[in-house]
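Tertiary structure, described
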Amino acid sequence: MKSSYIGVWMTLALTLAMVVALSFNEGVASDLHLRTAGFAALAEPSPEPAAPQAKVPSKVSPATKVNVNQKEVIHEKKLVKAPLDSTAKSILFIGDSMLEGLGPRLAAYASANGHKMVRVIWYSSTTKVWGSSRRLKGYISQFKPDYIFVCLGANELFVSDIRSKRHKYLTEILSQIGNIPYVWIGPPNWKQDTGINDMLRDYCDPGTFYYSGDGIYERQKDGAHPTAPSAAKWMDRVCEWVMTESAHPILLRKPAAQTAYCRTVVLQPNDK
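What you see is a predicted model, and the numbers here were worked out from it, not measured in a lab.

1. Some details on the pairing of strand 4 (residues 116–122)
- Most of strand 4 sits inside the fold, with six of its seven residues counted as buried.
- Inspection of the sheet shows strand 3 (residues 90–95) paired to strand 4 by six bridges, in the parallel sense. Across the sheet, the residue bridging to I91 is M117, located in strand 4.
- One crossover worth recording links strand 3 to the parallel strand 4 by way of helix 3 (residues 99–112), and it is right-handed.

This is the structure:
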């Protein structure tokens, strides 16, 4: 028994001697320290460095218009066509003197298809005239239309640098229209324009701009306004397009009557 106790004590003494020796060995101590750190790292692993985030290109809505290096960029928009709406509409038709010929014919369509219509003729008006005014917003509030026709641009066929001079007024008009379905009837060119039609096409929503510049018209003595029969045929083409190809088709079957009466508001060039 005594010999076994002696063996145990000798083993303990030898172990103590080894620990003391190790405490003076800097290399081993350093190694022990590194191993300790390694275990700590295993116990609480440090998070992996985050992978660098890829740069996501800024997305521009298809309806957004931006200015890059002072050059306007209009992003393409896709036509989203609604089904034919056969319910009765309250129609507001605004524009310049072209409404003299177009208005009575559209009124006949409205009457034959169960719609009501109000016409506002602002003589010599332009996108600038309407866009500098809140009259459209006032008429929308007054007549509460659920469909709007616009015919503007004939008095701006030859405006130079038209986008820089007119785009803000066009944007204002469209802003006042808001979410109401609309159709913009372009001017019946009698000469090559300087960009009004391209601007209207770019700014109006897809399926809302009717290009009239390639039509064949019989003109009045001024060489610009279509005659009444020619204007009626023009309106026929517009109504067929609205019912079959526009973004917001409404019922516009061809009427038996050539013209019809509608309430008409007349504004003069100097009206504000």
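2. Quick look at the pairing of strand 3
- Where burial is concerned, most of strand 3 is hidden: six out of the six residues are buried.
- Burial along strand 3 is two-sided: the residues S90, L92 and I94 and I91, F93 and G95 are all buried.
- Note that strand 3 and strand 5 (residues 147–151) share five bridges and pair parallel. The residue bridging G95 from the neighbouring strand is C151, located in strand 5.

3. Concerning the packing of helix 6 (residues 162–177) against helix 7 (residues 196–203)
- Direction vectors running N to C along helix 6 and helix 7 enclose 40 degrees, while the axes themselves pass 11 Å from each other. The orientation of helix 6 with respect to helix 7, classified from their angle, is oblique. The two elements helix 6 and helix 7 meet at a crossing, and its hand is right-handed. Contact with helix 6, carried on its side by I162, R163, R166, H167, L170, T171 and L174, involves I196, D198, M199, L200, D202 and Y203 of helix 7 and no other residues of that element.
- Considering only residue class, the contact of helix 6 with helix 7 consists of seven nonpolar, two polar and four charged.

4. Focus: the packing of aromatic side chains
- Tallied over the entire structure, the rule returns seven aromatic pairs.
- Taken together, a centroid distance of 5.0 Å and an interplanar angle of 75 degrees make the contact between W122 and W130 edge-to-face.
- Given the relative accessible area of 1%, W122 is considered buried.
- You can call W130 buried: its relative accessible area is 1%.
- Ring plane angle 65 degrees and centroid distance 5.5 Å describe the contact between Y210 and W241, whose orientation is recorded as edge-to-face.

Parameters at a glance
- Residues numbered from 1 in each chain as written.
- Predicted model: local features only at pLDDT ≥ 70, side-chain atom pairs only at ≥ 80, totals over all residues.
- Heavy atoms only, no water.
- Buried < 20%, exposed > 50% of the residue type's maximum accessible area, 1.4 Å probe, protein only.
- Helix = DSSP H or I, 4+ residues; strand = E, 2+ residues; numbered from the N terminus.
- Pairing = 2+ DSSP bridges.
- Right-handed = clockwise from strand over helix to strand, strands pointing away.
- Axes fitted to C-alpha atoms, helices over the stretch in contact; angles between N-to-C directions.
- Parallel < 35°, antiparallel > 145°, perpendicular 65-115°, else oblique.
- Left-handed = near helix turned anticlockwise from the far one by under 90°.
- Contact = heavy atoms within 4.5 Å.
- Nonpolar A, V, L, I, M, F, W, Y, C, P; charged D, E, K, R; others polar.
- Phe/Tyr/Trp six-rings, centres within 6.5 Å; stacked < 30°, edge-to-face > 60°.

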